[in-house]
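Below are the chains, spelled out letter by letter.
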Amino acid sequence: LIHVFSAGNSRGASGNGWYTITGGHKVAKNVITVANLDLNDNDANSSSQGPTKDGRIKPDIGAVGSNVMSTSNPNRYVPKSGTSMSCPGVAGSITVLCQAYKELNSGNTVNAALMKAIVCNTADDLGRKGPDFTHGFGRINARKAYDVIKNKTYYKDSISTNGTKTFNVTAGNNDRLLKVMVVWLDPQGTVGSSRPLVNDLDVTVSTGSLSPVKPLILDPLNPAGIAKNGRDSINNIEQVVIETLTPGTYTITVIGKSIPKGPQEFYVVYSFESDGIIVEYPVGGESLVPIEEEMIRWSDAGNNGPYSLEYSIDNGGSWNTITNVSSSARFFNWTVPNLPSSKALVRVS
């Protein structure tokens, strides 16, 4: 069972907006807590921020929750905003990903820890580099999450105190970024404890002569700070990011630092971001309405811009320029032309 909760809309409840996640269950170790973003990847100024009182990362992830069309009385649709809009967006995406996992794994149900790791590790990083107490690990990206499920770029294992488990992954010539995440469903902690974490696992990534890279951690005493590498002793979700890759083998090492209630089952998820443009919306098959605005989105780990955006209404026989944008752009709001066609294409180059 995968619990998905809104982070709350109480950033203004304290002077600086930190430590404002609402409701005790929303800061639980094994749930997914969602922040509110707009279509342009800006965080809403009402969206509650972490950390938790013991310093853990919350929210876990962000999604669009601003000006979302929703139901209202009596029998109407109206735009609404808040983490109660972004939360069901994530829940719906996870539902589709759970179905994908079942179809690709003989009808078996995905483990909640694995799905949390997949969704958080493939999120598009926003705001301050690495995880932060505003966006968590970034905006949900269902396409990247599905690729992990399809390609089975994850491992399942278990570990006891002082145990060590290693996993090797291979970077190719076009791979530019490696994200590795370990997640486990931590047992129930002691009520009132200042440290809810029960079982403490550590993850590092190394290659060749490279010193093991530790996970990104945040300083709860400086919640606006940037994540730095270090040993994580409070979270049951840890992420290592290697930004400059050389082709070859990378070794993921998981250590059972302290497992009083074990052995502890855990999942390791890894994903490479590669050089090359992938158009993420539209993906094909959509019906776009003339004169309405649509957001074209794409990814490119290689930063190969500036980018040229074009459309065709004759299945690629000829192309019309939409615009040119900078190398930092990853989306553009496009007014759909009033040219009816069943052979329309969009491309980014």
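All values derive from a computational prediction rather than experimental measurement. (Residues numbered from 1 in each chain as written. Predicted model: local features only at pLDDT ≥ 70, side-chain atom pairs only at ≥ 80, totals over all residues. Heavy atoms only, no water.)

### A look at the sheet that holds strand 2 (residues 32-37)
Stated precisely, the cut-off is as follows: At least two bridges found by DSSP between two strands are what make those strands a pair. Put simply, DSSP H or I for four residues or longer makes a helix, DSSP E for two residues or longer makes a strand, and each gets a number counted from the N terminus. Helix axes use the C-alpha atoms of the stretch in contact, all axes being lines fitted to C-alpha atoms, and the angles between their N-to-C directions lie in the range 0 to 180 degrees. Contacts are residue-level and defined by heavy atoms, with any inter-residue pair within 4.5 Å sufficient.
Pairing within the open sheet is parallel, and its three strands lie in the order 1-2-3. For this open sheet the edge positions go to strand 1 (4-6) and strand 3 (61-64), each flanked by a neighbour on one side alone. Adjacent strand axes in the sheet meet at a mean angle of 45 degrees when their direction is disregarded. The pairing of strand 2 with strand 3 spans four bridges and is parallel. Residue pairing for strand 3: Ala35 is matched across the bridge by Gly62. Packed onto the sheet, helix 1 (residues 83-104) meets strand 1, strand 2 and strand 3 and runs at close to 125 degrees relative to strand 2.

### Here's the deal with the sheet that holds strand 13 (residues 248-258)
Sheets are built from strands paired through backbone hydrogen bonds, the pairs being either parallel or antiparallel. Read from one edge to the other, the open sheet built from three strands follows the order 7-13-9, with strand pairing classed as antiparallel. Here the strands that pair on one side only, and so sit at the sheet edges, are strand 7 (164-171) and strand 9 (200-206). For this sheet, the mean angle separating the axes of adjacent strands, direction not counted, is 20 degrees. Pairing of strand 9 with strand 13 involves seven bridges; the strand directions are antiparallel. Across the sheet, the residue bridging to Asp202 is Ile255, located in strand 13.

### Regarding the nonpolar core
Cut-off, in case you're wondering: In plain words, nonpolar cores are sets of buried Ala, Val, Leu, Ile, Met, Phe, Trp, Tyr and Cys residues tied together by side-chain atoms within 4.5 Å. A simple rule labels every residue: compare its accessible area, found with a 1.4 Å probe on the protein chains alone, to the largest value its type can have, and call it buried under 20%, exposed over 50%, or partly exposed in between.
With 37 residues, the main nonpolar core has Val34, Ile61, Val90, Ile94, Leu114 and Met115 as its most contacted residues. Those elements that provide at least two residues to this core are strand 2, strand 3, helix 1, helix 2 (112-121), helix 3 (142-151), strand 8 (175-183) and strand 14 (264-274). Tallying contributions element by element places helix 2 first for this core, with seven residues. Leaving out residues up to four positions away in the same chain, Val34 has contacts with Val4, Phe5, Ser6, Ala7, Pro59, Ile61, Gly62, Ala63, Thr83, Ser86, Cys87 and Val90.

### Concerning the side chain of Asn235
Cut-off, in case you're wondering: Counting of polar contacts relies on pairs of N or O atoms within 3.5 Å, with two restrictions inside protein: one atom must be capable of donating a hydrogen and the other of accepting it, and residues adjacent in sequence are counted only when both atoms are side-chain atoms.
Of note, Asn235 is situated in the loop between strand 11 (228-229) and strand 12 (237-242). The exposure class assigned to Asn235 is buried, which follows from its relative accessible area of 5%. Here the side chain of Asn235 touches Ile57 through a polar contact of 3.0 Å, landing on its backbone nitrogen. Those residues within four positions of Asn235 in sequence are excluded, and the remaining contacts are Arg56, Ile57, Trp184 and Leu197.

### Remarks on the packing of helix 1 against helix 2
The following threshold applies: By definition, turning the near helix anticlockwise from the far helix through less than a right angle yields a left-handed crossing, and turning it clockwise yields a right-handed one. Under the grouping applied here, Gly and all other residues not named as nonpolar or charged are polar, the nonpolar ones being Ala, Val, Leu, Ile, Met, Phe, Trp, Tyr, Cys and Pro and the charged ones Asp, Glu, Lys and Arg.
As a packed pair, helix 1 and helix 2 sit with axes 11 Å apart at the nearest point and diverge in direction by 115 degrees. For the pair helix 1 and helix 2, the crossing hand works out as right-handed. Between helix 1, through Ile94, Leu97, Cys98 and Tyr101, and helix 2, the contact on the second element is made entirely by Leu114, Met115 and Val119. Of the residues assigned to the contact of helix 1 with helix 2, the class counts are seven nonpolar, no polar and no charged.

### Things to note about the pattern of salt bridges
Test applied: Whenever Lys or Arg places a side-chain nitrogen within 4 Å of a carboxyl oxygen from Asp or Glu, that contact is recorded as a salt bridge.
Tallied over the full model, the rule gives 23 salt bridges. With a closest N to O distance of 2.6 Å, Lys144 and Asp124 form a salt bridge. Here Lys144, found in helix 3, pairs with Asp124, found in the loop between helix 2 and helix 3; they are 20 residues apart in sequence, far enough to count as distant. Two residues, Arg143 and Glu280, come together in a salt bridge whose shortest N-O distance is 2.6 Å. Taken together, the residues span a long stretch of sequence, with Arg143 in helix 3 and Glu280 in strand 15 (residues 278-281) at a distance of 137 residues.

### Thoughts on helix 2
In terms of burial, helix 2 is a largely internal element, ten of the ten residues being buried. Regarding helix 2, the residues found buried are Ala112, Ala113, Leu114, Met115, Lys116, Ala117, Ile118, Val119, Cys120 and Asn121.

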